[in-house]
Each structure stands twice: as C-alpha cells, then as structure tokens.
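# Analysis of the macromolecular model
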Amino acid sequence: MGFCEPREYLEFMRQTPELERMLVRSGIRLCKYWFSVTQAEQRRRLRCARPTL
C-alpha cells in the first residue's frame, strides 16, 4: 500500500512468522484477524487522520 519499500515488506514478512512462533511458545494466545480495506477507502481514512495527504 505504499507505506514501505519492497525490501522492507519482504523483511517484515520474513520476520513476522518467527515472532509469532516465539510469542506462542511463551504462552501468549495469539489471535489474528484479517481486515480488507480497498485502497480508495484507506486513502479516505488517511486523509481524515492526516488532512495534508
């Protein structure tokens, strides 16, 4: 969605599963939710939060 560089996204996607495994192994119950928002809606929300966009 344009918030980071492609290499940063790939690094995030590489690190996240291991972080989640570590949390679960530590006894933390991890609940994940998937929310889908269109780019147009995300843009609208960001404009409301940061009117300079």
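For the structure, check the block above.
Overview of the structure. (Residues numbered from 1 in each chain as written. Predicted model: local features only at pLDDT ≥ 70, side-chain atom pairs only at ≥ 80, totals over all residues. Heavy atoms only, no water.)

### Topic: the environment of leucine 23
Assignment of secondary structure puts leucine 23 in helix H1 (residues 6-25). Distance in space between the C-alpha atoms of leucine 23 and glycine 2 is 28 Å, their sequence separation being 21 residues. (Helix = DSSP H or I, 4+ residues; strand = E, 2+ residues; numbered from the N terminus.)

### Quick notes on the environment of tryptophan 34
Relative to the helices and strands, tryptophan 34 resides in the loop between H1 and helix H2 (39-49). Relative accessible area serves as the criterion here: at 78%, tryptophan 34 is assigned to the exposed category. (Buried < 20%, exposed > 50% of the residue type's maximum accessible area, 1.4 Å probe, protein only.)

### Regarding the packing of aromatic side chains
Scanning the model with the defined rule gives 1 aromatic pair in all. When the ring of tyrosine 33 is compared with that of phenylalanine 35, the centres are 6.4 Å apart and the planes differ by 25°; the resulting orientation is stacked. Grouping residues by exposure puts tyrosine 33 and phenylalanine 35 together as exposed. (Phe/Tyr/Trp six-rings, centres within 6.5 Å; stacked < 30°, edge-to-face > 60°.)

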